[in-house]
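Residues per chain, in single letters:
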Amino acid sequence: MSALAEAHRYGVIHRDIKPLNLMINFERNGQPQIVVLDFGIARAAESATRDATRNRIMGTPYYLAPEVLIEGKVTHQTDLFAAAVIAYESLCFRSPFVNEELTGIEPYLKLRTLYAEGQPPDPLPPHLPSEWSTFFECALAVDPSHRFPSADVMVMAIDELEK
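Residues numbered from 1 in each chain as written. Predicted model: local features only at pLDDT ≥ 70, side-chain atom pairs only at ≥ 80, totals over all residues. Heavy atoms only, no water.

Draft legend 1. Representation of the environment of Val153 in the model. Mapped onto the elements, Val153 comes out in helix α7 (residues 151–161). C-alpha of Val153 to C-alpha of Ala5: the two residues are 148 residues apart in sequence and 9.7 Å apart in space. (Helix = DSSP H or I, 4+ residues; strand = E, 2+ residues; numbered from the N terminus.)

Put into structure tokens, the structure is as follows:
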């Protein structure tokens, strides 16, 4: 998340946060660190939205934020939404919204419909503490104004959950 926070401070939006674009690296002290890869479609905030509103939606459908699919709007919160999807998948071993094999344009259409209807993420498995549900309700909210305002704030929320 620190890499996203740093990119966002410079006005850069990755636009394709997904498991294949993350790598675990171990620092000299043995601490794991997640490294963000492939900034190939990253853009400055203003040009990222312009691309999406010209029917050039970039990114992997299952990790695209609702505002990208519905309005073509791209902000730093679209990256945070994708990171939250990855966190959900890591804890639950399934997607928060769509758990069926879809191909071609199907995932875009299915997710766009679910988001337009205000579909919340699927409930968490019972073995996870209820605080994680609150975290994901915020991190995966359809309305970006209900999400964490920055990567730094999202990290603080995760740190609180891990105490």
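Draft legend 2. Representation of unusual backbone geometry within the structure. The residue Phe93 is not glycine, and still its phi comes out positive at about 60°. Assignment of secondary structure puts Phe93 in the loop between α4 (76–92) and α5 (106–116).

Draft legend 3. Summary view of the nonpolar core. Grouped together as the largest cluster of nonpolar side chains are 38 residues, with contacts concentrated most on Phe97, Phe135, Leu140 and Met154. If you list the elements that add at least two residues to this core, you get α1 (2–9), α3 (66–71), α4, α5, α6 (130–139) and α7. For this core, the element with the highest residue contribution is α4, accounting for nine residues. (Core = buried A, V, L, I, M, F, W, Y, C linked by side-chain atoms within 4.5 Å. Buried < 20%, exposed > 50% of the residue type's maximum accessible area, 1.4 Å probe, protein only.)

Draft legend 4. Representation of a nonpolar patch on the surface in the model. A surface patch of nonpolar side chains, amounting to about 340 Å² of accessible area, comprises Ile24, Phe26 and Ile34. Positionally, Phe26 belongs in strand β2 (residues 22–26). (Patch = residues over 30% accessible without salt bridge, like charges linked within 9 Å, V, L, I, M, F, W, Y side chains within 5 Å. Areas by Shrake-Rupley, 256 points an atom, 1.4 Å probe, with all protein chains shown as cover. Salt bridge = Lys/Arg side-chain N within 4 Å of Asp/Glu carboxyl O.)

Draft legend 5. Structural view of the pattern of salt bridges. Going through the model one piece at a time under the given rule, you end up with five salt bridges. For Arg147, the salt bridge is made with Glu67, and the minimal N-O distance between the two is 2.6 Å. With Arg147 in the loop between α6 and α7 and Glu67 in helix α3, the pair connects residues that are 80 residues apart, well separated along the chain. Each member of the pair Arg147 and Glu67 is classed as buried. Of the charged contacts in the structure, one is a salt bridge between Asp122 and Arg94, with a shortest N-O distance of 3.7 Å. Of this pair, Asp122 sits in the loop between α5 and α6 while Arg94 sits in the loop between α4 and α5, placing them 28 residues apart in sequence. Residue Asp122 is classed as partly exposed on the basis of its relative accessible area of 22%.

Draft legend 6. View of the environment of Ile24. Note that Ile24 resides in strand β2. Its relative accessible area of 57% is what places Ile24 among the exposed residues. Among all residues touching Ile24, those that are not within four sequence positions of it are Pro32 and Gln33. (Contact = heavy atoms within 4.5 Å.)

Draft legend 7. Main features of the side chain of Lys18. You can see Lys18 is positioned in the loop between β1 (12–13) and β2. Judged by its relative accessible area of 17%, Lys18 falls in the buried class. Every residue in contact with Lys18, bar those within four places of it in the chain, is listed here: Thr60, Tyr63 and Ile86.

Draft legend 8. Quick peek at empty space enclosed by the protein. Tallied over the full model, the rule gives two cavities of 30 Å³ or more. The calculated volume of the second largest cavity comes to roughly 30 Å³. Forming the boundary of the second largest cavity are Gln77, Leu80, Phe81, Ala139, Arg147, Phe148 and Met154. Per element, the largest residue contribution to the lining of the second largest cavity is three residues, and it comes from α4. For the lining of the second largest cavity, the class distribution of residues is five nonpolar, one polar and one charged. (1 Å grid on protein atoms, 1.4 Å probe; cavity = no way out; pocket = protein on both sides within 12 Å on 5 of 7 lines; lining within 4 Å. Points joined across faces, edges and corners; volume = space filled by probe spheres on them. Nonpolar A, V, L, I, M, F, W, Y, C, P; charged D, E, K, R; others polar.)

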